[in-house]
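Results of the structural survey
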Amino acid sequence: QVQLVESGGGLVQAGGSLRLSCSASGNIFSINRMGWYRQAPGKQRELVAQITSGGSTNYADSVKGRFTIPRDNARNTGYLQMNSLKPEDTGVYYCNMNVMVRGSAAWSDYWGQGTQVTVSS
């Protein structure tokens, strides 16, 4: 019922910037929390950044001051602006949204397909 489509990954040199996008479509009534997670090779998926519907944000310590997580509620789209990228930021980035579909009283989590970010040294 809800699909999340990510874009914006790629290869960048250390110190560079990338902007990831995640657009939600489907029978959406409301989106609560939006978040970005990443998974590096051989490691568990970890939370990178999160934003609530009210605009409160939460960042992993490793990205504070470098990443921001704006959202466009009118377009059901979230972003991850990544600046001053480091090789350790390399991984597959997944967006996550907590969504209520029309006709439902429950919130459910949905995931994007993942997009590769590679930062070269």
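None of the values given here were measured: they were computed from a predicted structure.

Quick notes on the packing of aromatic side chains
All chains considered together, the criterion is met by 1 aromatic pair. Over the face of the ring belonging to Tyr-94 we find Arg-45, whose NZ or CZ atom lies 3.8 Å from the ring centre. The ring of Trp-111 has Arg-45 lying over it, and the distance from NZ or CZ to the ring centre is 4.9 Å.

What about the nonpolar core?
If you look at the biggest cluster of nonpolar residues, it comprises 30 residues, and the most contacted ones within it are Leu-4, Trp-36, Phe-67, Leu-80, Met-82, Tyr-93 and Met-97. Looking at this core, the element that brings in the most residues is strand β10 (residues 91-101), giving 5 residues.

Brief notes about the pairing of strand β11 (residues 108-111)
Across 4 bridges, the pairing between β10 and β11 is antiparallel. Within the sheet, the bridge partner assigned to Met-97 lies in β11 and is Tyr-110. Counting the residues that bridge the hairpin from β10 to β11 gives 6 residues, and of these Gly-103 lies at a positive phi of roughly 85°.

Structural notes on the environment of Thr-57
Relative to the helices and strands, Thr-57 is located in strand β6 (residues 57-59). In this structure, the C-alpha to C-alpha distance between Thr-57 and Glu-88, residues 31 residues apart in sequence, is 22 Å. Not counting residues up to four positions away in its chain, the partners in contact with Thr-57 are Gln-50, Ile-51 and Ile-69.

Thoughts on the pairing of strand β1 (residues 2-7)
Only one face of β1 is buried, namely the one carrying Val-2, Leu-4 and Glu-6, since none of Gln-3, Val-5 and Ser-7 on the opposite face is buried. Bridge count between β1 and strand β3 (residues 18-26): 6 bridges; the pairing is antiparallel. In the sheet register, Val-2 faces β3, and the bridge partner there is Gly-26.

A look at the state of the cysteines
Overall, the coordinates contain 1 disulfide when judged by the stated rule. The side chain of Cys-22 participates in a disulfide bridge whose partner is Cys-95; the two sulfur atoms lie 2.0 Å from each other. When the S-S torsion is 45°, as for the bridge of Cys-22 with Cys-95, the disulfide is right-handed. Of this pair, Cys-22 sits in strand β3 while Cys-95 is found in strand β10, placing the two residues 73 residues apart along the sequence. Accessibility assignment for this pair places Cys-22 and Cys-95 in one class, buried.

Let's talk about unusual backbone geometry
Phi at Asn-76 takes a positive value of approximately 55°, unusual for a residue other than glycine. The topology assignment puts Asn-76 in the loop between β8 (71-72) and β9 (77-82). For Ser-84, which is not glycine, the phi dihedral falls at a positive 50°. For Ser-84, a relative accessible area of 40% corresponds to the partly exposed category.

Observations concerning the side chain of Ser-21
As for its placement among the helices and strands, Ser-21 is situated in strand β3. The buried category is assigned to Ser-21, whose relative accessible area is 17%. Apart from the residues within four sequence positions on either side, Ser-21 is in contact with Val-5, Glu-6, Ser-7, Trp-36, Gly-78 and Tyr-79.

Thresholds applied
Per chain, residues are indexed from 1 in the order of the written sequence. Only residues with pLDDT of 70 or above have their local features reported here, since the model is predicted, and side-chain atom pairs are shown and tallied only from 80 upward, although totals for entire chains, interfaces and linings are computed over all residues. Only hydrogens and water are removed before side-chain values are computed, so all heavy atoms of the structure are retained for them. A pair of Phe, Tyr and Trp rings is counted when the ring centres sit within 6.5 Å of each other, with Trp represented by its six-membered ring. The angle between the planes then sorts it: under 30 degrees is stacked, over 60 is edge-to-face, the rest tilted. A ring is scored as having a charge over it whenever the NZ atom of a lysine or the CZ atom of an arginine sits within 6 Å of its centre and within 35 degrees of its normal. To form a nonpolar core, buried Ala, Val, Leu, Ile, Met, Phe, Trp, Tyr and Cys residues must be joined to one another through side-chain atoms within 4.5 Å. Exposed residues in this analysis have more than 50% of their type's maximum accessible area, buried residues have under 20%, and partly exposed residues fall in between, with area computed by a 1.4 Å probe over protein chains only. Only DSSP runs of H or I covering at least 4 residues are called helices, and only runs of E covering at least 2 are called strands; the numbering of each starts at the N terminus. We call two strands paired when DSSP finds no fewer than two bridges between them. Any two residues whose heavy atoms approach within 4.5 Å are treated as being in contact. The disulfide criterion used throughout: a pair of cysteine sulfur atoms within 2.5 Å.

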